[in-house]
Amino acid sequence: MRLRVSACGAAFVVDGQVVWDDYLDHRQFVLGDDADVAMRWFLRWRDRESVPERHRHTVAALLANDVLVAEGSQRDAQERAVLHAWGRWGPIARAYHFATRTTRGSRFPAESAEGPEPVGTFRDTERIPLPSAEQAQWRHRDLLDVLRQNQSHREFGPEAVPLSSLGALLQVSSEHSTELYPVVQNVEGLKPGVYHYDGHTHELAMVGDPVNGPDLVAACGDQPWVAAAGLVVFYTSVLWRHDSARGYRTLQLDAGHRNQNLSLAATGLGLRTAFTSTIRDELVEELIGCDPTTELAIGGAVVGTA
Ligand SMILES: Cc1cc2nc3c(=O)[nH]c(=O)nc-3n(C[C@H](O)[C@H](O)[C@H](O)COP(=O)(O)O)c2cc1C
């Protein structure tokens, strides 16, 4: 029988101990020194009997707990299927997915209701009150009409985006689990620059200098069509709001929800938009001035006139 170390587990150092995380079956084991030696012996498929006698007890324990896997076993078949499907995304992506995959026995503790202040209120910066959504020039008010017309656009006209339209876009797409940072190039009555949207007061806070076209295009993954847009609304999410690691999935979905509202509103206002997830996180973080350890760049809505 040949054995090798499981390809669907990961070792972490936790409180000075090496912990093996079997992310397929959601089990964790503290690994002792002998386990380390035994696992190094089976980094590749090797005959079980090849390991020195003194390690055989540990090998049996590691095999019984799927830290070591027997060739041709059910676990081996499961791992081969996972590696086949997830191989190109590397070990971390599959570790995260399967570690946060919920099972029939999963429990869902209530998320903590209250948390610290929203990411930033930027009270000491220039703040611009925005017109409400009711004040905007809606071209289409029939939802079915809007749904039918809603599509991604990557060509924009030279006209400035009306401020009332920006007010409406942000008002209908803001919810405090996703932060909105409009990077303005061409909006009526608004200085070009980087802003943060405060959904509590329906105001913009100026948080950064104007961004030139090439820098904005670089932040949006070298997509040249972005340069002609009136603005790009970057979405970020804040970690603290979710207690479990599964929160990382939820915050992505939340940003998607926000963007769908914005996209439909843009269509209703006769504007054009396309969402982009092809961003350079680091450049977006620098542009909007957020702390990447606590606030995650998710993507951006590129908005312009027809
Ligand atoms: C999560 C997500 C990410 C996207 N990222 C990009 C992108 O980086 N660049 C781009 O040009 N379009 C992007 N799009 C737009 C899609 O290409 C577009 O939605 C798709 O082609 C369907 O076209 P439609 O929106 O007009 O129906 C993205 C769409 C979604 C939902």
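From a predicted model like this one, the values you see are computed outputs, not experimental measurements.

1. Describing the packing of helix H1 (residues 33-41) against helix H2 (residues 56-64)
Now for step 1: With their axes 9 Å apart at the nearest point, H1 and H2 run at an angle of 80° to one another. Between H1 and H2, the angle falls in the class roughly perpendicular. Taking contact as the criterion, the partners of Asp-34, Ala-35, Ala-38 and Met-39 in H1 are, on H2, Thr-58, Val-59 and Leu-62.

2. A look at the site of the ligand
Now for step 1: Close to the ligand lie Gln-151, Ser-152, Arg-154, Gln-223, Trp-225, Phe-275, Thr-276, Ser-277 and Thr-278.
Now for step 2: At 3.2 Å from a nitrogen atom of the ligand is found a main-chain nitrogen or oxygen belonging to Ser-277.
Now for step 3: Between an oxygen atom of the ligand and a side-chain N or O atom of Thr-278, the distance comes to 2.5 Å.
Now for step 4: For the ligand, the accessible surface in isolation is 620 Å², of which the surrounding protein chains cover 47%.
Now for step 5: Partitioning the shell around the ligand into residue classes produces two nonpolar, six polar and one charged.

3. Quick word on the domain arrangement of the protein
Now for step 1: Split by domain assignment, the protein resolves into domain 1 (2-99) and domain 2 (127-304).
Now for step 2: A separation of 44 Å is found between the C-alpha centroids of domain 1 and domain 2.

4. Section: the environment of Arg-48
Now for step 1: Structurally, the position occupied by Arg-48 is in the loop between strand S5 (46-47) and H2.
Now for step 2: Along the backbone, Arg-48 and Met-1 are 47 residues apart, and their C-alpha atoms lie at a distance of 5.9 Å.
Now for step 3: What Arg-48 contacts, discounting residues up to four positions off in sequence, is Met-1, Leu-3, Phe-42, Arg-56, Val-59, Ala-60 and Leu-63.

5. A short note on the nonpolar core
Now for step 1: With 32 residues, the main nonpolar core has Leu-166, Leu-169, Leu-170, Val-187, Leu-190, Leu-204 and Leu-231 as its most contacted residues.
Now for step 2: Once residues lying within four places of it in the same chain are set aside, the contact partners of Leu-170 are Leu-130, Leu-180, Pro-182, Tyr-197, Leu-204 and Val-233.
Now for step 3: Membership of the second largest hydrophobic core comes to 21 residues, among which are Cys-220, Leu-287, Ile-288 and Ala-297.

6. Some points on the sheet that holds strand S3 (residues 17-22)
Now for step 1: Pairing in this open sheet of three strands is antiparallel, and the strands run S2-S3-S4 from one edge to the other. The open sheet has two free edges, formed respectively by strand S2 (9-14) and strand S4 (27-31), since each of these has just one partner strand. Averaged over all pairs of adjacent strands, the angle between strand axes in this sheet comes to 30°, irrespective of strand direction.
Now for step 2: Bridging between S2 and S3 involves six bridges; their strand directions are antiparallel. If you follow Phe-12 over to S3, its bridge partner there is Val-19.

7. Quick notes on the sheet that holds strand S11 (residues 231-238)
Now for step 1: Strand order in the open sheet formed by seven strands is S7-S10-S9-S8-S11-S13-S12, with antiparallel pairing between adjacent strands. Across the chains shown, the open sheet's two edge strands, defined by having one partner strand only, are strand S7 (127-129) and strand S12 (271-276). For this sheet the average axis-to-axis angle between neighbouring strands, irrespective of direction, equals 30°.
Now for step 2: Bridging between S12 and strand S13 (residues 295-305) involves six bridges; their strand directions are antiparallel. Within S13, the residue paired with Phe-275 across the bridge is Ala-301.
Now for step 3: Along the sheet, helix H8 (residues 247-268) contacts strand S8 (178-184), S11, S12 and S13; its crossing angle with S13, the most-contacted strand, is approximately 10°.

8. Digging into the environment of Gln-171
Now for step 1: With respect to the helices, strands and loops of the structure, Gln-171 is situated in helix H6 (residues 163-173).
Now for step 2: Excluding its chain neighbours within four sequence positions, the residues that come into contact with Gln-171 are Ser-132, Ala-133, Glu-134, Tyr-197 and His-202.
Now for step 3: There is a polar contact of 2.7 Å between the side chain of Gln-171 and the backbone nitrogen of Ala-133.

9. What about the pattern of salt bridges?
Now for step 1: Under the defined criterion, the tally for this structure stands at 16 salt bridges.
Now for step 2: The partner of Arg-27 in a salt bridge is Asp-66, with the nearest N and O atoms 3.2 Å apart. Of this pair, Arg-27 sits in strand S4 while Asp-66 sits in the loop between H2 and strand S6 (68-70), and the two are 39 residues apart along the sequence.
Now for step 3: The exposure class of Arg-27 is partly exposed, given its relative accessible area of 26%.
Now for step 4: Between Arg-75 and Glu-79 there is a salt bridge whose closest N-O contact spans 2.7 Å. Here Arg-75 pairs with Glu-79, and both are found in helix H3 (residues 74-86), just four residues apart, close to one helical turn.
Now for step 5: Looking at Arg-75, the relative accessible area reads 7%, which means it is buried.

About the cut-offs
- Residues numbered from 1 in each chain as written.
- Predicted model: local features only at pLDDT ≥ 70, side-chain atom pairs only at ≥ 80, totals over all residues.
- Heavy atoms only, no water.
- Axes fitted to C-alpha atoms, helices over the stretch in contact; angles between N-to-C directions.
- Helix = DSSP H or I, 4+ residues; strand = E, 2+ residues; numbered from the N terminus.
- Parallel < 35°, antiparallel > 145°, perpendicular 65-115°, else oblique.
- Contact = heavy atoms within 4.5 Å.
- Near = heavy atom within 4 Å.
- Polar contact = N/O pair within 3.5 Å; in protein donor to acceptor, adjacent residues only side chain to side chain.
- Areas by Shrake-Rupley, 256 points an atom, 1.4 Å probe, with all protein chains shown as cover.
- Nonpolar A, V, L, I, M, F, W, Y, C, P; charged D, E, K, R; others polar.
- Domains from an automatic or database assignment.
- Core = buried A, V, L, I, M, F, W, Y, C linked by side-chain atoms within 4.5 Å.
- Buried < 20%, exposed > 50% of the residue type's maximum accessible area, 1.4 Å probe, protein only.
- Pairing = 2+ DSSP bridges.
- Salt bridge = Lys/Arg side-chain N within 4 Å of Asp/Glu carboxyl O.

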